[in-house]
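Structural overview
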Amino acid sequence: MTAEEALKQLEPEKWAKTPAHVRLHLLEEVRSNLKEHAEELARTDRNMKNRLMGEDIFGIPESMISTAVPVANTLTACIHLYESILKGKMPEPANITQVKEGIYDIEVAPLDAKDKMLSGTQKFHLRVKGKPKQVNPMDKPAGVIAVSGAGNYSSSLEMVKAMFLENCAVIHKPHKLNEETDKIWEKIFQPLIEVKVIAFCSADQGRALPKLEGLSKIYFTGSTGVAKAISDAASVPLISECGGNNPLIVVPGEREWTQKEMVHQANQVITAAKLNGGAVCGRPQTVVTSRLWPQRRVFLDALKKAIVEDTPAAGTYYPGSEDVKKSFIDNHPNAVRLSPEKGRYTNGEFVFIENVDEDSFAVKNEAFCQIMNEVALDVPANSADFLPAATDFCNSKLHGTLGCMIIIDEKTQKTYKEALDTAVSELSYGGIAVNTIPPMIFLSPLLTWGGNEEGKEFVSGIGNFGNIYNFENIEKSILYDNFMSMGHMMRINQKAFDHLAIHMTDFAINPTWMNFTRLMGGAVIDGFRDKDF
């Protein structure tokens, strides 16, 4: 279908008048369809990635997490939102605090008891410019949002957000890599197609889509160059997410980290760095350390050990990744090529580059594949000196403003609370994850996802997607967790990770207490498994 034909299928004014109870029923129907087609969706996604590599590295469970789970979580959150609307009220935040003149911090929480238990020690915050304003989605004006899907994930949860949080009809265009999964999404979203609130056009409509008359906004996930071209061609606002070189700020501890803590942090970081073969917009790429931190060498060695020995190989599949890898290696002769699982997979290779200059190629470019680099700042190994220096480096030198990860132990966090709070406020990133990974911000319907580039060069994008509480003028989302949290995602046993993925999908699609028990109980049991790769 062409973009023009898709537009003619829609009735945005009718959708804007659709009552909450009808929307609630539609959400439940779509989630039920997702349950029916989740495995087909994951299998198609897996086959595409393995075919591009010529190696069978990706499995169905991993593809379930990347396709079914994000949309299912968003559907469920919207169900809770509309249940609240039917009771005559919007969800209430846990707390609102004025940070400084014109800046407010809003703490939000999951809307369901099971989700609250599942979030464990996580704390969710929205940082808002101006007095907080919450808007019922059904009070927003009718319109049409064109959603141009990403290539790295076929899970365009922006479709759900546009319909149920922005009150708009949707045209969805898939990336060419995800044309086959988009056919399955059409089956899943059939109830919404029938009420003329969503229509799907073909992947070759990229040039035609932004030129359509009658659009209200465009949602785009992809490269900066394409986003700029869409912005130039369109006459409506563009909300875009274009990735970037995301920092991992390792705050020197007031105390020495134990061996267990060092291994835990390294495995969490590398699990994130290997997700989807490194083709994840929020993955940490540039490790920021203090050169004078006594445990710097230990931490870097722990990261390399996690790459080679403690986490299984992941597949670099995204088109163009080999050229990117060559560029990084050519510009950094000290780059080390690491081979997980003793080189079992050609596409499992991981490149690690220590001690790059602050103005180097690795700092100025996004890898979007299995590459990490380290910048060692010449500052004292204490939070009072290190955090301001790290903040300045990230804001002024690193490419992009999408996601930032900070690791800090509890004693140091308590001692230097003011320094950490200042860093979180001043870091120019759309998502800041403290003691957890930035992709968790993307996966949470409570928070927003996007760049933070007011007054900066366009790199990571303009605006942001989401937040089930429907607060406006959000500058950034902040997700906190404990330094040693049981909720950290770590892929250190393949069978355990597959079980987690399957149970997580089952619960996301069908959030019953039985599935909750299977998810939590399975995680406990699988925690005792030894390495199996």
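Everything discussed here concerns the structure shown above.
Here's a quick rundown of the structure. (Residues numbered from 1 in each chain as written. Predicted model: local features only at pLDDT ≥ 70, side-chain atom pairs only at ≥ 80, totals over all residues. Heavy atoms only, no water.)

Brief notes about the state of the cysteines
- Under the definition given, this model contains zero disulfides.
- Cysteine Cys 369 shares no disulfide, and the gap to the nearest cysteine sulfur, in Cys 281, comes to 13 Å.
- Since its relative accessible area comes to 2%, Cys 369 is described here as buried. (Disulfide = S-S within 2.5 Å. Buried < 20%, exposed > 50% of the residue type's maximum accessible area, 1.4 Å probe, protein only.)

A look at a negative patch on the surface
- A cluster of acidic side chains, namely Glu 28, Glu 29, Glu 83 and Glu 194, defines a negative patch on the protein surface.
- You can see Glu 194 is positioned in helix α8 (residues 190–194). (Patch = residues over 30% accessible without salt bridge, like charges linked within 9 Å, V, L, I, M, F, W, Y side chains within 5 Å. Areas by Shrake-Rupley, 256 points an atom, 1.4 Å probe, with all protein chains shown as cover. Salt bridge = Lys/Arg side-chain N within 4 Å of Asp/Glu carboxyl O. Lys, Arg positive; Asp, Glu negative; His and termini not counted. Charge placed at Lys NZ, Arg CZ, Asp CG, Glu CD. Helix = DSSP H or I, 4+ residues; strand = E, 2+ residues; numbered from the N terminus.)

Side note on the sheet that holds strand β9 (residues 246–250)
- Taken in spatial order, the 11 strands of this open sheet run β1-β2-β3-β18-β15-β14-β9-β10-β13-β12-β11, and their pairing is mixed. Edge positions in the sheet fall to β1 (95–100) and β11 (336–338), since each of these pairs with one other strand and no more. Direction aside, neighbouring strands of the sheet carry axes that sit 20° apart on average.
- Pairing geometry for strand β2 (residues 103–108) and strand β3 (residues 123–129), over six bridges, is antiparallel. Paired with Glu 107 across the strands is His 125, a residue of β3.
- Sitting on the sheet, helix α11 (residues 296–310) touches β9, β10 (284–290), β11, β12 (350–353) and β13 (371–377), and the angle it makes with β12 is about 170°. (Pairing = 2+ DSSP bridges. Axes fitted to C-alpha atoms, helices over the stretch in contact; angles between N-to-C directions. Contact = heavy atoms within 4.5 Å.)

Here we look at helix α19 (residues 513–526)
- In this model, α19 (14 residues) spans 20 Å end to end at C-alpha, consistent with the 20 Å of a helix rising 1.5 Å per residue.
- Those residues of α19 that fall on the buried side of the exposure criterion are Asn 515, Phe 516, Leu 519, Gly 522 and Asp 526. Along the axis of α19, the buried positions cluster into a sector of 140°, meaning they face one direction only. In α19, those exposed residues whose orientation departs by more than 90 degrees from the buried face are Met 514, Thr 517 and Ile 525.
- At its buried positions, α19 is contacted by α5 (113–119) and α18 (494–509). (Expected span 1.5 Å × (residues − 1). Arc of directions from axis to C-beta.)

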